[in-house]
Structure formats: structure tokens, C-alpha cells
Number of protein chains: 2
Amino acid sequence: MRGYVRFLVVGLILGLAIPLLIAAVQEKSPAEEIYRGPMERDEYYMFSSGGQSGGVFVIGLPSGRLFMDLPVFEPRAAYSYAGVGMPEREMLEKTGGLWGDTHHPRLSQTGYKADGKWLYIQDKANTRVGKIDLRTFRTVLVKKAPNIQVWHGIALVPDRQGNTRYVCANGEFEAPVPPRPGLPGGYAEQPIPDVGARVPEDWKSGVVCLYADTLEPAFQVLGTYGNFDIMDWSPSGRWLLSNIYNMERGANIDEMIKAPEDATQFLDVWKAEEALGAGQYTLVNGVKVLDPKAIPGLVYLIPAPRNPHGIHCQRLDPRLYGEAALGKDTVCIAAGKIVPRVNIFDISGERPRLVAQPWVGLGPLHVQYDGRGNFYVSLFVDSQIGAYNIDKAIKFPNEPDRYTVDKIDIHYNVGHLSTVMNYSTPRGDWLLSQNKLTKGLPGFIPTGPLEPEVQELIDIRNITADGQGKMRLVYQFPTPPEPHESDFIEAEKLAPLVWTKYSRPYDPDTRFVGPGESRVVRTGPHSVDVYLTTVRSRYGLDEVRVKQGDTVTLYLSNVERLRDMTHGFALQEYGVHFAIDPGDTKKFTFVTDKPGVYWFYCTWFCSALHMEMRARLIVEPV
Amino acid sequence: MRGYVRFLVVGLILGLAIPLLIAAVQEKSPAEEIYRGPMERDEYYMFSSGGQSGGVFVIGLPSGRLFMDLPVFEPRAAYSYAGVGMPEREMLEKTGGLWGDTHHPRLSQTGYKADGKWLYIQDKANTRVGKIDLRTFRTVLVKKAPNIQVWHGIALVPDRQGNTRYVCANGEFEAPVPPRPGLPGGYAEQPIPDVGARVPEDWKSGVVCLYADTLEPAFQVLGTYGNFDIMDWSPSGRWLLSNIYNMERGANIDEMIKAPEDATQFLDVWKAEEALGAGQYTLVNGVKVLDPKAIPGLVYLIPAPRNPHGIHCQRLDPRLYGEAALGKDTVCIAAGKIVPRVNIFDISGERPRLVAQPWVGLGPLHVQYDGRGNFYVSLFVDSQIGAYNIDKAIKFPNEPDRYTVDKIDIHYNVGHLSTVMNYSTPRGDWLLSQNKLTKGLPGFIPTGPLEPEVQELIDIRNITADGQGKMRLVYQFPTPPEPHESDFIEAEKLAPLVWTKYSRPYDPDTRFVGPGESRVVRTGPHSVDVYLTTVRSRYGLDEVRVKQGDTVTLYLSNVERLRDMTHGFALQEYGVHFAIDPGDTKKFTFVTDKPGVYWFYCTWFCSALHMEMRARLIVEPV
């Protein structure tokens, strides 16, 4: 009998062990992959371009949670950014307006690694760039790029130590604005076909690089004809790459797609710096302009597939290739858009070389990497993402079956795609498909004529360095319109940089009003200065009494000592609304043209007695 | 030997069965609860107030995914809403400005059930309400409520069939604006303490009801002194409830919290309709104003806990109580804010009665229900949510242990809370804690002085009708600032109402430009009309040539036949940017004061050849 019991027990243990073993080898369910429980942090913070929303979406990965719709070019009262009378508003109005078309966010780097200090994003429409301080998640500087029209591509070029030095821009549209060069020529590797020529030959665009710290212009390099599209920099910082479409100089879509090839431009930044040092520039609108015609080797044009869109360079994962791989130039790939091919350029030598033109699928738009030897292409027409092995694609460019690793369906249509930390130290774990024109996703109810834009989270951890394995679609999450590309940083790296505990010093440059100093000062027959404090849950005065027709200048100081005790100020009928962070002072001027009693109140929730935080403006009729 | 095998097999089967049995009885993991895989739909669409973001957040539940930041009072270029020169912009500017402080969204009802047709949300700061068409997720109407200052509470009062008839507003702040009644009195159930009186007696506010379809005023009822706060309607539509704080008429926080009690106002809507029918109103600024002093029984004031905040009525779940329970008045509960109690009012009889004042915890702000007999209170100071059984709280108001079902910790501080479909047909499954001033959540990196606001998803399915069971925190997801309250609808009900397949007819009221009709028409020496079409991937003309100083009126028609093929129009330097949906025409007027070549391009991604969709404006110098 004891023998039977023993077998029963052995069977029981085996029976219990089998599901446990299965669970151990099974991959996590998609739900477990993306779920972050209470108190758990996402692994990455993704800075996703906000497109026409004019800012940056700050999204946690892998959860897909939207932490912030960070305003850059469009006002957002919720962050007290660029509201009526606020300083950022003037900055935006002076540089192009209160709207933007943001495209490609990029994080500053130290030693070739994302350092979590600054974020840059350009406004394509108004040819601007915004600089965001990631200690505070606030846009601190917006500048217009000179001498170009419509800033499409962006690149953060590092110095020889891998520290971000320049923010470079592609001007996409050509116009007879200064500079006005002669027709450039002679420096192209191959002659460029001239078809149509509906855009005059002397209409140009070009590349402009600004200093990353001040956003003041460092230098410009004249363009050839055609439209500069996407831009990237080589890891070393030597090459600045721009895809050029419409070498035909066509003025409409039919003319723009006639020629079988366009070009990728390779701009040698180190040579540009030499030329600048040697004074080989001319000043145009205060910008040092270099002419590639006059400086051999400054620019190479290499044919690219017809109307190319994305140009992206490979960075290697230092966890696999060692720290020496940081800043190492290997390959860059241009996507063909109309042609179902990509062009692979070897940039490891003295001059960039076209080494393969493998077939990838229909409508290739963008390229990303996993840092271990594979590239990923968004195929707009196929509504797929393809994964390909770089070495095999170079060795066997005519054998797609050998270099194609996997393809995965996308819902629809894939535009940008982003692998985690593709522009610094690729992690090779997640790939985001950032879809345009989402259609027919039963999970999402349409929210207007357009359905909600969607990002799809794809697991690429199973794709090996030698090009084996499968991609796996794990999650779909919506993004406000319109998702473009993203840059990433590890949450653990970002978290200690953010000003979590700073006690902001009271700003000495403003007319700060200390506790107990609230007052109304008549400065003239029709002008009044009002000094007010805010502290839970009151304004410094219960009542502010002025006369109809007064010009009132309000200085509002937040005298809280707690970092996050922001207060608001909303004054109805006079359209005044802003927030003041602790230690800060805001100034606002308005004319009291309407007599009556107008209560102002705090719009930022500050305590259980938040409702009671108000005071009244009494405008006495004259 | 066969016996041993048999025992081995029995053991094996038992061993396999045990984990399966455990899995079967175990509740789903939080990850599985919230996860919605590719192609899976959320169960509910939550319309969450956007606070200072000036709109409504459309969020899927239980996934917490943000589907849309629906603009109402603040422009959003991404939805082409209220941009420069656009018609909604004028509507906003005329009614108070391009910003809002949205508080309480409410869905229209048919037969006491959310019908998914219209969404209303008020702008507290500028005393406005916006009406959103949920077929298109677009704000179609914004109006200002007359005769009151600062619209805080909102209620959608149904007619006797349970169809939404009025949108009613509480004016929070009192002012000597019309109407100017004498001091109301005599109609309060109890005398109201008069302490401080720093706000003059003849400064008043009141309640205004607008017709839900047109947002034109239906009637107004004069207020007493004090500040109207949150508002709700009784399920039947008979009672309109408003909490009143600061009966002291204090002008600052110290004075406002002196008295031990304030009041809840019960306004009898049916009596108001009778009085209107009998002509017992006076016209003030075109609004029919009723004076409660002159109409006995129109208004009851019943004491409420000191500085009460939330007042919310119970609706019953018709799945448990039958369809007859729809529109049935049972209880309403006022939360005490400073006092750790709530007041329970029985509204099932001819007059509302205070029936219990149970202790709930510190800083009670808002109340919600599960539709099966329990209520939930946000406790701001305790940073908790409490669940309580209504019957037991009435029977044993001094025995918290008997009526308290459960308490759960919140991270921090809970403000509004929302149970799914609390204002129509409560589902009793999920409770959202909509937190203010999030602090110290390690999962969220601060994004500025303020940390990301958070909503917490709490499972209340285990709380039984007789007040047993536990709440379970399942998920935390961020919301752009600042989450207030929410209303809900089943996704399955909403989906077929949305215009998923409509082919919008070409609008005959606009100067629609048909295919092939693009042209430039000079209408005077300094004025030009430009008619342009958009269709993938071109504008109707490659070039628009005008003279410096011309006033250009642009008519842009989208001649696409595909519902979702929206195109954009961005013209740099002139600050022009908008979108046009298929079948639509947009008009924009500007003066060409700067000579040169300005390309305009499509900002809404429309095809793989989207980049090529552009044309040039040539402004000839004079």
C-alpha cells in the first residue's frame, strides 16, 4: 500500500510540475508585458512628436500611458504655457504663431548616450525649433532657423566626444530667398536627371546647423535643387545625411515622381568645420554660408530610390559590441517610398558608398534598427513592417528570402516607426508602429471623420543578430493626432534628473511680492499696480478696488514653499487665466473697461478648501 | 505493476487538476482586467472633464487609454478646432475667450438612459456650456449662461419621459448684477446663520436652466445668499439640488468656514414649470426669473454639513430593480468637506427630508453609487475612498462599523470620483478615483512642478447589495490636467451612433469648389478670391499668383469621397493653418503684405505621396 501512495505522490508532483514548467518557459502574456501595477514604473519614457498638436507626447513604455501632452508651439492653459499675456506667447508669436507641425523629437546626448537633459523638436511649418528642459518638462526656448523654408529633417550632431553640439535642419521647400547661389554642380557623385524643371533653377534650399545650447546659427551649407526630406546624422557626427526628392524640380505630384532616382546627400560636418575655420564662408543674413561647389568633398550626392523618404543610420548596442561601438559609423539606409527598395550605404570608410539596393516591399517609408544587425522598414502600401538582416542584405541583395527575417501586419497605415533608443544606444526590445489614417480597427470607435491615431507596440526581442525569429504585436494604444517619430530614454536615467525636490528660489528678477506685502498702488490717474500673493487658500487681498478705465498691472507671486503647490488665477470677463508655480511671479496688464464685481479664483486644485480661494475685483463706474 | 501505473495516473491527473481549479476560481489578474488586445474594444467610453485643458478627455475603460482630447473651449489645431479664422474661434471669443475651466460632463438621456447623442460640459470660469455632437465628436455649440457669475454645478434635467430637457447651471459667485432681488427669506426650512456678512446682502447668484437643444434660457430661479457649488438632479427630474457653502457671506476663507452648517437647496422643477405656465415670472435680461419668496414650495433649504461640496443622487440599476426603477427618486447625499459626515436626504416623498448624518471620514468631497444600495465617498484628507451601505447608514447612523463596507487608500489626493454610469443606469463595476495633486507615486516621474495627474481604477464588483465585500485597486493611469468628474456610456451603444460610414454631402451653403473649378479671380484692384480643391495628393492649382497688399479670400474645398480623407492647409509666414474634411469648404481671408514665394502644404497625412502635396503662393512685390 505504501508503494501505491508513493506512486500517487510522484504522479501528483509530476502533475503539479508540468503546468509550472510550461508557465516558466512560456513567454509572458501581452497583458503582463504592458501592465504596470500601482507603484510600478515604466521602463522607458518615449517622447513622441505631436504633429499638428504642436508639441510632444510623453508616453510610458511598454504601458502606452500618456504622461504629458507637452506644449511647444501651441498654447496649453493646463500647463500654463503661452497663455494670454505670458512670456512664451510672445516668443511664439514673434517666431511664427501659436501653432506648429512638429515632426522629429531628439534628445541631447553626452558621450553618444541620451543624457535626459534637453529635448529638441522642430516645427516644420514655421521653420522653428523648440528646446525643452527635461528637469522641468517646460519649453524654454523657441527659435526660427534662418535662410530656409519649412524645416523638415532634424539631426543633433555631436562633437568628437559624442556630446550634442549642433541642431541641424533641412529646408524642404526651395525659394528665391537668400542665399541665392548659382546652380550647384560638379560635386555630385553622379549627374542628377533634370526633368520638368517647373521650379526655377535658382530657387534653393539648404542645410542649417544651430548651436544646440543657444539655437543661434553656426553655419549653413547651400542646397542643390530638389526637396530635402528626412535627415539623420552618422553616429560619429561626421556625416549629416539628407534624403532629397523631386530632383526633377516639379511643381506638382506628377512632375515630382517622374525620374527613376533621386539622391541622398552626405554632408561632411568635419570638413565644414575645417572650411569655417579657414574662413571659406560668406555671410548671408548673418549666417556663415558654405558653398559645396567651392569646397570639394564637403557634400556627396549618391542616388537614392525614387522620391526617398526616410534616411536613418545604424547605431550599435554597446551591451553587445562594447563601449567602443559608441559613435561608430557602419551603415545608413534610405527608404524608397515609390520604389519597393532601400539603398544601403556603407559609411565606415573615408567616403560613403552605396553597397546594396535590396527589395523590401511596397511603399517603404522609414527605417529603424535593433542595434544587433537588423533593420526594420515601414511599408506603407503593404501595411506591414518588415525586418531584414543587414549583412545578408548586403551579401545577397537579390535574395529577399535570405535577408528577410519576418513581416508583420499593421492596422493601417504605417508611417513612422521607432525602435527604442534608435538614435543613441538601441535596446532592440520594442518597435513602435506609428500609424497614420487608422482604419477599421474594431477596438476603436471613430472620434470624428478621422479615427483615433494608433501606435502599435511590437516585441522584437526574438529577432536574433543573425536574422532569425518572429515579431509579435503586443498592444495598440491611441495617440492624439498625429503620431510621428519618437526618441526614448530609460526611466531610471531620467528620474533622478528631474527636479523632484527642488525648492525653487524666489526669483529676484521679478517684482516678487512677499507674504504680507499685498497691496494696491495707484501710479497715476488711470493706472494701478496690484501686488498679490497666493498661498493656500487665499489671495493676499480679499478685495481689489479700481476705477473703470484703469490700466491695471498685476504682479502675482506664489509664496508657497512646497514644490508642487501651483495656484491659478482666473478672472472672468477679462479673459485672464494663468498659473503660478511656487516662488514664481507672473505679471499681467489689462484695462478695466467694464464696471462691476468680478470674482477671481484659483483654477489649480490646491487643497480641500480650494473652492474658497477667491477674491473680488471691484471696478467702480466712472 | 498496473496498479502502480493507475495510481501514478490518478496522481498526475489530480496534480494537473489542482492548478486548473485554482485558476478557475481565482479572479483575473489586474493585467488581464485592463488589457484589451489588438482588435478588442473597451467596454465603456468615459468622458472625463478636462479641467484647465478646456475640453473633454475621451478615455476607454477599463484600459485607461486616451482616445481623444476633445476640444471645447481651447483651440486644438490637431482637430482643426477654433484655429485662426475658423468659425468656432469666433463663437469662443464672443462668449468669453479661448480658454476654459471645464468641470462636469453630462450625456444626454432618452428614457432616463444615456443615449450617446449629445455631451454637455460647462466652462466654470466664463459661465459657458459647450454641446458636443457624438456622431462626429465635434463641439457644435457654445453659449453663455445669463444672469449668473461662474457656472459651477451642472444638471441635465429630464422631462416626465426621462428625455433630457434642460441643462441647468449654478452660479457660484454672487454679485450685484441683474437680477437684483430683495433678500430672500421665509422659504428656508430652517433659519440660516448670518455670520460675518462681508458680502453685501443684495449680491446674489442663482440657478439658470437652458433648453438642452438650443441652449437658450428657459428660466431662472433667484438664489439666496451663499455660494452654489455642485449640482445634481433627482432621477425623476423633479428636484434640482445645489449645495451651498459660505452662507456666512464671508469674503475670505476664515469667514467662509465659520458657521457649523450650510445648506442644500432643493428646487422643485415641476413647480417651477407650473409657475412659468401661470406667468409668475419677471423678465430680467430676457430671462424668465422666478422668485422663491413669492412661490411657496419652489425651493427648500435643508441644512448641510459645513461648506458642503458634492451633492449626488442615487440612481438604481435597472438590471436589479427592473425598468420601473428608472427615474425613481430614492436618496441624495451631500458631502461635508470640513465636517467628517455626509447628510442623507430621502427624496422619495412629497418633500425632501434629512434622514441621517453618518460619519464617513476626513474631508468628504464627492459621493457616487453602485446602483445596488451602496455609496462611495472621496475622503480628501484621509486620502481614501470609503464604501458605505445606504440602508444601514440610515438605520444605524451612529454605528460606522455597521454601515461602513470598506475603505481603500488613494495616492494622493482624491477629488472627484466616478462610478460607471452613475448619472443614468449605474453598472456598479468600476470606480474611478480622479486624483488631484498626485504626490510621490514612484511609477510616475514628475513632469514639471506638478506630477502627472492620475486616475485610479477600482474594482467594486465584490461589494454586495447588503454591504459586504472589498474594493480592489486595479490600475493607475495618468490624465492630462486636471481630471474632474466623468460620465460614461457603453461602447457597444455608442459605436453604431457614430458616423462611421457617412459620406458627407457637399455643403450647399458654402462656396464649394468642385473638381476642376480651382481658379484665381481678381475681384478688385486689391482683392482676390482664390478657389482651390484638395484631393490626394494635390491642390487644384500648382501656383497662386497675387500682388503684395492684396486681400486674399481663400475658399478651400475637399473633394474627396472618402469619409476620413481629411486634408490640411499650412501657409508659413502668414500663420494660416486648418484642416478640411471631405465635402467641406473652409474660408480664410488674409492680406499678402510680404512679397516672395511661400509654399503651402498638407499637414494631415493623406497618402504615401503626402510630402508631394503642396503648391506655391507667389506674392509679387509692388
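Note that this is a predicted model, so its numbers are computed, not measured.

Draft legend 1. Quick peek at the overall build of chain A. Looking only at helices and strands, chain A features 9 helices and 40 strands. For 622 residues, the compact-globule formula gives about 25 Å, and the C-alpha radius of gyration of chain A, at 28 Å, lands near that figure. A principal-axis box enclosing the C-alpha atoms of chain A has dimensions of 100 × 85 × 45 Å. Burial statistics for chain A: of 622 residues in total, 66% are counted as buried. Long-range contacts, defined as pairs at least 24 residues apart, comprise 62% of the intrachain contacts of chain A with a sequence gap of at least 6. Treating the 66 positive side-chain charges of chain A as one cloud and the 73 negative ones as another, the clouds have centres 3 Å apart.

Draft legend 2. Focus on the pairing of strand S23 (residues 374-379) of chain A. All names here are of chain A. Judged by how many residues are buried, S23 sits mostly within the fold: 6 of 6 residues are covered. Side chains Asn374, Tyr376 and Ser378 project from S23 onto one buried face, and the interleaved Phe375, Val377 and Leu379 project onto a second face that is buried too. With antiparallel pairing between neighbouring strands as the criterion, strand S22 (residues 364-369) and S23 make up a hairpin whose turn holds 4 residues, including Gly371 at a positive phi of roughly 80°. Here 6 bridges tie S23 to strand S24 (residues 384-389), and the two strands are oriented antiparallel to one another. Of the residues in S24, the one forming a bridge with Ser378 is Ile385. What sits between the antiparallel neighbours S23 and S24 is a turn of 4 residues, in which Ser383 has the positive phi angle 50°.

Draft legend 3. Broad picture of the sheet that holds strand S34 (residues 543-547) of chain A. All names here are of chain A. Taken together, 5 strands build an open sheet; the order of strands is S34-S40-S39-S36-S37 and the sheet is mixed. The open sheet terminates on both sides in strands that have one partner only, identified here as S34 and strand S37 (576-580). Strand after strand, the sheet turns through a mean of 20° between neighbouring axes, direction not considered. In this sheet, strand S40 (residues 614-620) lies alongside strand S39 (residues 596-601) in antiparallel orientation, the contact comprising 6 bridges. Along S40, the bridge assignment pairs Tyr601 with Arg614.

Draft legend 4. Representation of the packing of aromatic side chains. Tallying each qualifying case throughout the model produces 50 aromatic pairs over all chains. Considering the side-chain rings of Phe569 of chain B and Phe600 of chain B, the 4.8 Å spacing of their centres and the 35° angle between planes classify their relative orientation as tilted. Separated by 31 residues along the polypeptide, Phe569 of chain B in strand S36 (residues 567-571) and Phe600 of chain B in strand S39 (residues 596-601) bring together distant segments of the chain. Here Phe569 of chain B matches Phe600 of chain B in class, with each residue buried. Among the aromatic residues, those joined into a cluster by ring pairs are Tyr539, Phe569, Tyr574, Phe578, Phe588, Phe590, Tyr598 and Phe600 of chain A. Above the face of the Tyr574 of chain B ring, Lys594 of chain B is positioned so that its terminal group lies 4.7 Å from the ring centre.

Draft legend 5. Region of the structure containing the pattern of salt bridges. Residue and element names in this part refer to chain A. According to the stated counting rule, one finds 74 salt bridges over all chains in the structure shown. As a salt-bridge pair, Asp459 and Arg472 come within 3.6 Å of each other at their nearest N and O atoms. Separated by 13 residues along the polypeptide, Asp459 in strand S28 (residues 453-459) and Arg472 in strand S29 (residues 472-479) bring together distant segments of the chain. For Asp459, a relative accessible area of 3% corresponds to the buried category. A relative accessible area of 16% places Arg472 in the buried class. Three or more residues joined by partner-sharing salt bridges are found here, namely Glu33, Asp459, Arg461 and Arg472.

Draft legend 6. Just the state of the cysteines, in detail. Residue and element names in this part refer to chain B. Counted under the stated rule, the structure contains 4 disulfides over all chains. In this model Cys168 forms its disulfide with Cys209; the gap between the sulfur atoms is 2.1 Å. Handedness here is read from the sign of the S-S torsion; for Cys168 and Cys209, about 110°, the answer is right-handed. Of the two residues, Cys168 is situated in strand S9 (residues 164-173) and Cys209 in strand S10 (residues 206-211); the sequence distance between them amounts to 41 residues. Classification of Cys168 as buried rests on a relative accessible area of 0%.

What counts and what doesn't
- Residues numbered from 1 in each chain as written.
- Chains lettered and ligands numbered in written order.
- Predicted model: local features only at pLDDT ≥ 70, side-chain atom pairs only at ≥ 80, totals over all residues.
- Heavy atoms only, no water.
- Helix = DSSP H or I, 4+ residues; strand = E, 2+ residues; numbered from the N terminus.
- Rg over C-alpha atoms; globule rule 2.2 N^0.38 Å.
- Buried < 20%, exposed > 50% of the residue type's maximum accessible area, 1.4 Å probe, protein only.
- Contact = heavy atoms within 4.5 Å.
- Lys, Arg positive; Asp, Glu negative; His and termini not counted.
- Charge placed at Lys NZ, Arg CZ, Asp CG, Glu CD.
- Pairing = 2+ DSSP bridges.
- Axes fitted to C-alpha atoms, helices over the stretch in contact; angles between N-to-C directions.
- Phe/Tyr/Trp six-rings, centres within 6.5 Å; stacked < 30°, edge-to-face > 60°.
- Lys NZ or Arg CZ within 6 Å of the ring centre and 35° of its normal.
- Salt bridge = Lys/Arg side-chain N within 4 Å of Asp/Glu carboxyl O.
- Disulfide = S-S within 2.5 Å.

By themselves these figures say nothing about function.
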